[in-house]
Each structure stands twice: as structure tokens, then as C-alpha cells.
Amino acid sequence: MKRTSILAAGLFTAALAAHAGEMPGLPSYDTDGDGQISQAEFVTAKVATGKVTEEEAAAKFADADTNYDGYLSEAEYTAAAEAWKAAKEAGQ
């Protein structure tokens, strides 16, 4: 019984450690692991793709940051990503 409890506690701890700082749905832009995407993280990641300029990335971030706190939550990022995908599919 004692061995089972220790094993269960170890597995639980490992599972928590594996997900520390992660939010499902957020891309790897969250480089500091705080569970949200800062403007600097977003702009750096977007510019690194070579598809947008810093100004374009900053504008995308501003549009996505609907509560104007300077960070993208999972919900904000997901909503923005869906809007960007829909706009792309519509040819905009």
C-alpha cells in the first residue's frame, strides 16, 4: 500500500511539473512560461517567421489584446487565431 501511494504521488508530481506554466492552446510564444503571451514575446515570434514586420506584429497583438492588459490570455489568443484564420480563408 505504501509503495502504491508513493508511486501515485510521484506520478502526480511529474504530471504537474510537465504542465507547469503551460496553457493549452497557446503556442510556444510564451517563452517565460508565465501562461500568457506578452507583446514582446508575440512580436519576436511573429517577426522570426519572416512573414510580418515588427509594426504588423504589434498591430496584430493590439487587436488581439481585447482587455488591453498587455498580455494575451489563452482565450484572447484563441479568438484572435480563429479570426485571423477566417480572414485568411476569406482572402482578406
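Up top is the structure these notes are about.
Rules used in this analysis
Residues numbered from 1 in each chain as written. Predicted model: local features only at pLDDT ≥ 70, side-chain atom pairs only at ≥ 80, totals over all residues. Heavy atoms only, no water. Helix = DSSP H or I, 4+ residues; strand = E, 2+ residues; numbered from the N terminus. Buried < 20%, exposed > 50% of the residue type's maximum accessible area, 1.4 Å probe, protein only. Contact = heavy atoms within 4.5 Å. Areas by Shrake-Rupley, 256 points an atom, 1.4 Å probe, with all protein chains shown as cover. Lys, Arg positive; Asp, Glu negative; His and termini not counted. Salt bridge = Lys/Arg side-chain N within 4 Å of Asp/Glu carboxyl O.

1. A word on the overall build of the protein chain
The helix and strand inventory of the protein chain stands at four helices and two strands. The helix and strand sequence of the protein chain, counted from the amino end, reads α-β-α-α-β-α. Looking at the protein chain as a whole, 21% of its 92 residues are labelled buried. Residue pairs at least 24 apart in sequence account for 34% of intrachain contacts in the protein chain once pairs closer than 6 positions are excluded. Surface accessibility of the protein chain: about 6500 Å² in total, with carbon and sulfur atoms responsible for 59%.

2. Comments concerning the side chain of Glu76
In this fold, Glu76 is placed in helix α4 (residues 74–89). It turns out Glu76 is buried and unbridged, and the closest side chain with the opposite charge, Lys46, is 15 Å from it. In this structure Glu76 touches Ala64, Asp65, Thr66, Asn67, Asp69 and Tyr71, once residues within four positions along its chain are discounted.

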